[in-house]
Amino acid sequence: MVKESDFELVEEPVTALAEGQARVRNLMVAFEPAMRGWINEGESYLPPVGIGEVMRASAVGQVVESATPELEVGEIVTGMFGWQEYTLLDMRQPGMLGGANKLPPGATPEQALSVFGITGLTAYFGLLEIGQPKEGDVVLVSGAAGATGSVVAQIARIKGASKVVGIAGGPRKCRWLTETLGLDAAIDYKSEEVGRRIKEECPEGVDVFFDNVGGEILDSALVNMAQRGRIVLCGGISRYNEAEPSPGPRNYLELTVRRCRMEGFIVIDYFSRIPEAAADLAKWISEGKIVVETDVQEGIENVPRTFLRLFSGENLGKQLCRLAEASPAS
Ligand SMILES: NC(=O)c1ccc[n+]([C@@H]2O[C@H](COP(=O)([O-])OP(=O)(O)OC[C@H]3O[C@@H](n4cnc5c(N)ncnc54)[C@H](OP(=O)(O)O)[C@@H]3O)[C@@H](O)[C@H]2O)c1
């Protein structure tokens, strides 16, 4: 399990800007379970964050100094600014993860980092492109009270699912899923027998299972899939802190028996289509069809501790940490 003591808070003076550079004061940083993988050694879909480097993270910040015509002082921008109070951006060499982007029109920093950020886009493209939900489908979502899962469940409803069932840890989250998000049912994996409860809620089988968790929950879903069902392998947070990959999934041959498809994806492959997703998400939010929930902690000292909340399940919706308030001049 990742620990607070794996991180160190280091102070150093800011350097003067060179031509083409700008300095951003970070207002809010976002947390993703994938960051746990980024600090492992070895190949992945992004290079690992090395020991002693600033932790990579998406953030919203305000430009406080600029030596580039592309960024104006006072402007609010978003990008991979990392776990730090100030970030030096070089607009001539933005790097593989880009420099700084404007927020979607009218979006708050919280919305820019949640529903319009990595997790909202993951929900949108993962469900629609990989899950391919059809009108009348039964949709099951694990990690349903988290940032990605909560948006998936609501898009499933918008797309005409006949039933949407969420799996989450604890009565508070399960109540929130049914009472606030309007899901048809919620399964508390911490106190209920997940396989039996899926069967009870989805007696005709699950057409789309959007999996954020993996492990035993995936195995329980595999034996409850409908014929020609689709499993979206979004992530497997139940396994991210294990030193060795665990064997499984035990029930994978159900894919054959039930003629199902199980497919993974990485959201960055869809970045060229962000405007399409942002337009749909903005419309659904304005129509009141998507509730956006965020959990905002405070202070740079609390950043590692806030990251751990993802693994203990303390967060409801998107996990964020506020580092500073925007200057009124903006
Ligand atoms: N494929 C992609 O491109 C992509 C992009 C972004 C995210 N993801 C994946 O999407 C998933 C959700 O990410 P997120 O950012 O939206 O995080 P999140 O769901 O907001 O937060 C993580 C949640 O996972 C649950 N959890 C933690 N440990 C667990 C365990 N052992 N068993 C079951 N549930 C556990 C906790 O909820 P409970 O209280 O319910 O346990 C926690 O709140 C992750 O697997 C992430 O890696 C994939």
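Our subject is the structure that appears above.
Quick look at the structure, then. Since this is a predicted model, take the numbers as computed values, not measurements.

### Digging into the packing of aromatic side chains
Thinking step 1. Under the counting rule described, the total for this entry stands at eight aromatic pairs.
Thinking step 2. Ring centres 5.8 Å apart and planes at 50° place the aromatic pair Phe 31 and Trp 83 in the tilted group. Taken together, the residues span a long stretch of sequence, with Phe 31 in the loop between strand E1 (21–30) and helix H1 (34–38) and Trp 83 in the loop between strand E3 (76–79) and strand E4 (86–90) at a distance of 52 residues.
Thinking step 3. Judged by its relative accessible area of 1%, Phe 31 is buried.
Thinking step 4. A residue is classified by how much of its surface remains accessible, and Trp 83, at 12% relative accessible area, is buried.
Thinking step 5. On the basis of an interplanar angle of 85° and a centroid distance of 5.4 Å, the ring pair of Phe 307 and Phe 311 is categorised as edge-to-face. On the criterion of helical spacing, the pair formed by Phe 307 and Phe 311 is a turn pair, its members being four residues apart in helix H10 (residues 303–312).
Thinking step 6. The exposure class of Phe 311 is buried, given its relative accessible area of 17%.
Thinking step 7. An aromatic cluster is built from Phe 7, Phe 31, Trp 83, Phe 307 and Phe 311, whose rings are joined through pairwise contacts.
Thinking step 8. Sitting over the ring of Trp 38, Arg 56 keeps its end group 5.1 Å from the ring centre.

### A short note on the sheet that holds strand E6 (residues 138–142)
Strand pairing in a sheet is mediated by backbone hydrogen bonds. Such pairs are either parallel or antiparallel.
Thinking step 1. Strand order in the open sheet formed by six strands is E8-E7-E6-E9-E10-E11, and the pairing between neighbours is parallel. Edge positions in the sheet fall to strand E8 (185–188) and strand E11 (261–264), since each of these pairs with one other strand and no more. Pairs of neighbouring strands in the sheet enclose a mean axial angle of 15°, with direction left out of account.
Thinking step 2. Lying over the sheet, helix H4 (residues 147–158) contacts E6, strand E7 (163–168) and strand E9 (206–211), oriented at roughly 170° with respect to E6.
Thinking step 3. Helix H6 (residues 194–201) contacts E6, E7, E8 and E9 of the sheet and is inclined by roughly 170° relative to E8.

### Looking at the pattern of salt bridges
Thinking step 1. As enumerated under the stated definition, the model contains 26 salt bridges in all.
Thinking step 2. A salt bridge links Lys 318 to Glu 32; the shortest N-O distance between them is 3.1 Å. A residue pair is termed long-range when its members are at least 10 positions apart, and Lys 318 in strand E13 (residues 318–322) and Glu 32 in the loop between E1 and H1 qualify at 286 residues.
Thinking step 3. Judged by its relative accessible area of 1%, Lys 318 falls in the buried class.
Thinking step 4. Overall, Glu 32 belongs to the buried group, its relative accessible area being 7%.

Cut-offs and rules
- Residues numbered from 1 in each chain as written.
- Predicted model: local features only at pLDDT ≥ 70, side-chain atom pairs only at ≥ 80, totals over all residues.
- Heavy atoms only, no water.
- Phe/Tyr/Trp six-rings, centres within 6.5 Å; stacked < 30°, edge-to-face > 60°.
- Helix = DSSP H or I, 4+ residues; strand = E, 2+ residues; numbered from the N terminus.
- Buried < 20%, exposed > 50% of the residue type's maximum accessible area, 1.4 Å probe, protein only.
- Lys NZ or Arg CZ within 6 Å of the ring centre and 35° of its normal.
- Pairing = 2+ DSSP bridges.
- Axes fitted to C-alpha atoms, helices over the stretch in contact; angles between N-to-C directions.
- Contact = heavy atoms within 4.5 Å.
- Salt bridge = Lys/Arg side-chain N within 4 Å of Asp/Glu carboxyl O.

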